[in-house]
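# Analysis of the macromolecular model
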There are 2 protein chains.
Amino acid sequence: MKKEQVTMRDIAGRLGISTVTVSKALNDKEGVSEELKARIKETAKEMGYRLNLAARAMKDGLSYNIGVIIPEQFTNVNHAFYLRVYQHIASRLEAYGYSSILHILTIEDEEALNLPRIYYEKKADGIIILGQIKPAYIEAVQQMTIPKLFLDFYQEGAQVDSIVTDNFYGSYELVSYLIREGHRQLAFVGNIHATSSIQDRFLGYYKSLLEHRIPLDPDWIIKDRDEQGILIDLELPTRMPTAFVCNCDQVARALIEKLKKEGIQVPADCSVVGYDNDIFATVSEPQLTTVEVDMEMLAGAAVKTMMKKISRGEASTGRTVVQGRIIYRDSVKSLTQAQSTD
Amino acid sequence: MKKEQVTMRDIAGRLGISTVTVSKALNDKEGVSEELKARIKETAKEMGYRLNLAARAMKDGLSYNIGVIIPEQFTNVNHAFYLRVYQHIASRLEAYGYSSILHILTIEDEEALNLPRIYYEKKADGIIILGQIKPAYIEAVQQMTIPKLFLDFYQEGAQVDSIVTDNFYGSYELVSYLIREGHRQLAFVGNIHATSSIQDRFLGYYKSLLEHRIPLDPDWIIKDRDEQGILIDLELPTRMPTAFVCNCDQVARALIEKLKKEGIQVPADCSVVGYDNDIFATVSEPQLTTVEVDMEMLAGAAVKTMMKKISRGEASTGRTVVQGRIIYRDSVKSLTQAQSTD
DNA sequence: CTGAAAGCGCTTACAG
DNA sequence: CTGAAAGCGCTTACAG
C-alpha cells in the first residue's frame, strides 16, 4: 500500500517553481530570496510535507543511522545501564541528524558469528557495540567495512577503538577510600578471568593494596561467577576481612544477604562495597557505597568518536577512558572512628 | 567521506550482464537460469556486495523500519520489561525484513508534544508506542499519517489500536487463587487513578471479590504513588487484611519491607502478591507470587498487527488482549491448610 | 536569485 | 531467459 506522500515536486507545483528551489529553501541553503523561502516553508508545512531522508541518503551514500549492538547476554544483567546509555547515545546522535537502531545480539547469533542485518542492508553508517562480545565475534565484527566502536569494554589486539569506563582507577579510588577509613583486610569478590571490566577492577584494588604495602592474599580473591558469567554461590573465606570489595553491586548485595544469614551485620561487623550504582545498590539493605559510571560522558564520547570516523574518516583513537565517581552510602564502617570511640 | 561501495552494476559489469538480471538473481525472482543465478550470487559474495536497502526503499516508498517509542518516564521503572519486549519486537520484525528503531521519548519532548524525528524524516513505516503516554501526546500521535499502535496500554476514545496484557483477568485470577487458599480479607495496593494498568488490575481484584460476595472495603485500597507516578510511603491500614494484592512487584517488595519493620512476617502473618514478575519479584524476601506477562506474545501480536496495517492498509483491530500467567512463589500462605492443621 | 540536467542504486513493467 | 528504459525523491554542479 503505497501512500500518496507529499514531495518537493508537489510543493514546487503548487508554487509554480522548481524542486531545486524548494530543496534549497527547506535546507536553508543559499540562492533563494528570503521571501520565497518563507513562502516555501509555509506551503510545506501546510501540505504536511515530510522529508524523505531515504532519497537524500541515497544521494549521499549514507543511511544517517548508527547501529547500537547490545549482546543479549549482558542485557540480562543490567538492563537499566544499557538502556540509559542507549538513550544518551540516541539523543546525542540526534544533534548530528542521525538516528540509532538498537540491535540486541542474541546468544545464538553471537555463537554463529551472524553479523546484524542492518549491516548487510547498509542501514547503518557505523556500529557501536555496547557490552563485551566473544573473541570470535570480535573478529567477525572487524570484517565489517564501516566504522565501528567498542563501548564499555575493550579487547587487547583488536583493531577497534573503544570507549571504556575507568574501571581500574575507579576501583583504585574506592579501595583507597576504604583504606583511609582504616580497613587493611580487604577481600575482592569477582572472577578475574570473566571480563576485562572485572579484571581491571581487580587490578585497581591490587594497585591500592600495593601502594599501601598490604600483601595480596589469594584466599581473599573470591569467585562470584563461572567463566560464562553465570553467578555462583559465594564461599566466605575462613579468615574474615574487615571489608569486601565486590566487582559489582549485584554480587555485593548477594554477599550481604549471605553475611546476614551467617549472623554478620553490614557494616557493623564487616563493610561491603559494590560497583556500577545500579538497582542492586539501592535495593540492598544497607544501601551500597559504590562507583557510578558517568553514562552521559560515556555516550557523548562514543558519539563524538563515531561522528569523526564517519565524516572525516578519522583514524584510530585507541582506548578512551571515561571517569566514574564514588557514591557514598551506608555499607561501609569507618574503623578509624570506631577505634577513636573505643 | 563516501566509501566506494560495491553495487549491482559492479557485479553486472564483472559478469558482462545487466543489473536487472543481478537484481532478479539476488532476490530469487523468476527469469534467471539457475546456473547464472548461482554465478551471480557467488560473485556478489566474492565482491563483498551488500544490498543498499535505501534504494529499494525509495522505489517502494517504504523505509523498512518500525519505530518503537518508549516514554522515558516508564523506562525508569521497569527497564528490563521494555528492553525485553523491544528485543522480541525487533526479532519478529526481522522475519518481515524490517528493522526497528528504538526512540526514547523524553519527558520534555512529551510535554512539548514533539513527535520523534524518525517520523518527520520518513524513517519509519509505522510506530509502536510502548508504555503509557499523556493524553495530549496521544492527540499529537494521532496526527501522524502512518500506522501506529499502542502496546501495553490503551486510551479510551483514542483512534489507535492497542495490544494490552490482560491486567483485568490476570489480577482476577490471582485474587481468585488467594480466595481459594482461604483468604477473605484482601487489600489492594495501588493508586487506581494513575494508569489504565493499575485500574484494570484493581477491577480484576474487585471482580473476584464480587464473585465471592466479599464486600469492597475502601480502607483497604491503599495508595502507593501520586498521580505523577512517583511512589510514596505506604500507610498500613489500621485493621489488617490476611493478604495484600499489590499492583506491581516493586510495591509488593516495599510493602514486605515495611511489614517486616513492623514485626509482621510474610507469608506467616500476612500474604503479599505482586504483578509483573520483574526483578523485584525475585529480589524480594520472600520471593513473590506474581503474574507474568507473556512478552513474546505481546511482541508477536504487536508486530503481526503492525505488518497487517502496513502491507494491507488494514483497518482497526481495536484492543487486543494478551494473557498472562501466575508464577507461584513464596509470599502466599494457604489459610485452608493452616486451618486444617490447627 | 532561479532552474534544467544528471545521478544516487535499486526494481518494475515491458519488449525481445 | 535476458535487458533497455523509466522512475522512486532528493541534491549537486552548472548554466542562465
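Per chain, residue numbering runs from 1 following the sequence as it is written. All chains are assigned letters beginning with A, and all ligands numbers beginning with 1, in the order in which they are written. A pLDDT threshold of at least 70 governs which residues receive local features in this predicted model, and a stricter bar of 80 or more applies before side-chain atom pairs are shown or counted, although totals over entire chains, interfaces and linings include all residues. As a rule here, side-chain values come from all non-hydrogen atoms in the structure, and water together with hydrogens is ignored.

## Observations regarding a nonpolar patch on the surface
Nonpolar side chains (Val, Leu, Ile, Met, Phe, Trp, Tyr) are joined into patches within 5 Å and like charges within 9 Å, using only residues with over 30% relative accessible area and no salt bridge. Surface exposure here means Shrake-Rupley accessible area, sampled with a 1.4 Å probe, where a residue is shielded only by the protein chains that are shown. Within this document, salt bridges are pairs made up of a side-chain nitrogen of Lys or Arg and a carboxyl oxygen of Asp or Glu, the two lying within 4 Å of each other. Taken together, the side chains of Phe168, Tyr169 and Leu203 of chain A define a hydrophobic patch exposed on the protein surface, amounting to about 240 Å² of accessible area. By secondary structure assignment, the location of Phe168 of chain A is in helix α10 (residues 167-180). A run of DSSP states H or I qualifies as a helix once it reaches four residues; a run of E qualifies as a strand once it reaches two. Both are numbered from the N-terminal end.

## A few points about the protein's contact with DNA strand C
In these notes, residues near a molecule or strand are those with any non-hydrogen atom within 4 Å of it. By nearness alone, 23 residues border DNA strand C, and Lys24, Gly31 and Lys59 of chain A together with Ser23 and Tyr49 of chain B come closest of all. Sugar and phosphate atoms represent 58% of those atoms of DNA strand C found within 4 Å of the protein. One of the backbone nitrogen or oxygen atoms of Ser33 of chain A is found 3.0 Å away from a phosphate oxygen of DNA strand C. When residues of the surface near DNA strand C are traced back to their parent elements, those giving at least two are α2 (19-26) and α4 (53-60) of chain A together with α1 (8-15), α2 (19-26) and α4 (53-60) of chain B. Charged means Asp, Glu, Lys or Arg here, nonpolar means Ala, Val, Leu, Ile, Met, Phe, Trp, Tyr, Cys or Pro, and polar covers whatever is left, Gly included. Taken together, the residues of the surface near DNA strand C break down into nine nonpolar, eight polar and six charged. Whenever a nitrogen or oxygen atom comes within 3.5 Å of another N or O atom, the pair is scored as a polar contact, on the condition that within protein one atom can donate a hydrogen and the other can accept it, and that pairs from neighbouring residues in sequence are kept only if both atoms are in side chains.

## Description of the relation of the copies chain A and chain B
Between the two copies, chain A and chain B, the superposition gives an RMSD of 0.1 Å; the rotation angle is 180° and the shift along the axis is 0.0 Å. The superposition of one copy onto the other is thereby described by a two-fold rotation axis. Using C-alpha coordinates, one finds that chain A approaches the rotation axis most closely at Ile101 of chain A, a distance of 2.3 Å. Residues below a pLDDT of 70 in either copy are left out; the C-alpha atoms of the rest, at least 70 in both, set the least-squares superposition of the copies.

## Here's the deal with the pattern of salt bridges
Side-chain pairs of opposite charge can arise where the charged atoms are in close proximity. Evaluation of the coordinates by the stated rule reveals 28 salt bridges over all chains. Between Glu121 of chain A and Arg117 of chain A there is a salt bridge, with its nearest N and O atoms 2.9 Å apart. Residue Arg117 of chain A is classed as partly exposed on the basis of its relative accessible area of 21%. Linking Glu34 of chain B and Lys37 of chain B is a salt bridge whose minimum nitrogen-to-oxygen distance equals 4.0 Å. Residue Glu34 of chain B and its partner Lys37 of chain B are located together in helix α3 (residues 34-46), separated by three residues, close to a single helical turn. The buried label applies to any residue whose accessible area, calculated with a 1.4 Å probe on protein chains only, is under 20% of its type's maximum; exposed applies above 50%, and partly exposed to all values in between.

## Here's the deal with the domain arrangement of chain A
Note that domain bounds follow an automatic or database assignment of domains. Here chain A is described as being made up of domain 1 (8-51), domain 2 (65-165 + 295-323) and domain 3 (167-293 + 327-341). Averaged C-alpha coordinates put domain 1 of chain A and domain 3 of chain A at centres separated by 63 Å.

## A word on the side chain of Asp249 of chain A
Residue and element names in this part refer to chain A. Its location among the elements puts Asp249 in helix α12 (residues 249-261). The buried charged residue Asp249 lacks any salt bridge, with Arg329 as its nearest oppositely charged partner at 5.7 Å. Within the structure, the side chain of Asp249 is placed 2.7 Å from the backbone nitrogen of Tyr275, a separation counted as a polar contact. At a separation of 2.9 Å, a polar atom in the side chain of Asp249 contacts the main-chain amide nitrogen of Asp278. Only heavy atoms enter the contact rule, under which two residues are in contact if any of them lie within 4.5 Å. When neighbours within four sequence positions are excluded, Asp249 is seen to be in contact with Gly274, Tyr275, Asp276, Asn277, Asp278, Phe280, Ala281, Leu288 and Thr290. Counted charges follow a simple rule, with Lys and Arg positive, Asp and Glu negative, and His plus the chain ends left uncounted.

## Remarks on the packing of α1 of chain B against α3 of chain B
Residue and element names in this part refer to chain B. Comment: axis = line fitted to C-alpha atoms, over the contacting stretch for helices; angle = value between 0 and 180 degrees taken between N-to-C directions. Contact geometry for α1 and α3: axes closest at 10 Å, N-to-C directions at 120°. When the axes of α1 and α3 are compared, the pair comes out oblique. The two elements α1 and α3 meet at a crossing, and its hand is right-handed. Along its contact with α1, which presents Ile11, Arg14 and Leu15, the element α3 presents Arg39, Ile40, Thr43, Ala44 and Glu46. Of the residues contributing to the contact of α1 with α3, the split by class is four nonpolar, one polar and three charged. Just so you know how the angles are binned, under 35 degrees is roughly parallel, over 145 roughly antiparallel, 65 to 115 roughly perpendicular, and the rest oblique. Working rule for handedness: look at the near helix, and if it is turned counterclockwise from the far one by less than a right angle, call the crossing left-handed; if clockwise, right-handed.

## Describing the protein's contact with DNA strand D
For DNA strand D, the set of nearby residues contains 24 residues, the closest of which are Met8, Ser23 and Tyr49 of chain A together with Gly31 and Lys59 of chain B. Ala55 of chain A is positioned such that a nitrogen or oxygen atom in its backbone is 3.2 Å from a base nitrogen of DNA strand D. In the model, a base oxygen of DNA strand D is placed 3.4 Å from a nitrogen or oxygen of the Lys59 of chain A side chain. Those elements giving two or more residues to the surface near DNA strand D turn out to be α1 (8-15), α2 and α4 of chain A together with α2 and α4 of chain B. Looking at the surface near DNA strand D, its residues break down into ten nonpolar, eight polar and six charged.

## Some thoughts on helix α11 (residues 196-211) of chain A
Three or four residues apart is the spacing at which side chains of an α-helix point the same way, because the helix has 3.6 residues per turn. Residue and element names in this part refer to chain A. Expected helix span is taken as 1.5 Å per residue step, with the number of steps being one fewer than the number of residues. End to end, α11 covers 22 Å across 16 residues, agreeing with the expected 22 Å (1.5 Å per residue, within 8%). Within α11 the residues assigned to the buried category are Ser196, Ser197, Ile198, Asp200, Arg201, Phe202, Gly204, Tyr205, Ser208 and Leu209. Taken from the residues just after α11, Arg213 is the one with a positive phi, measuring 55°.

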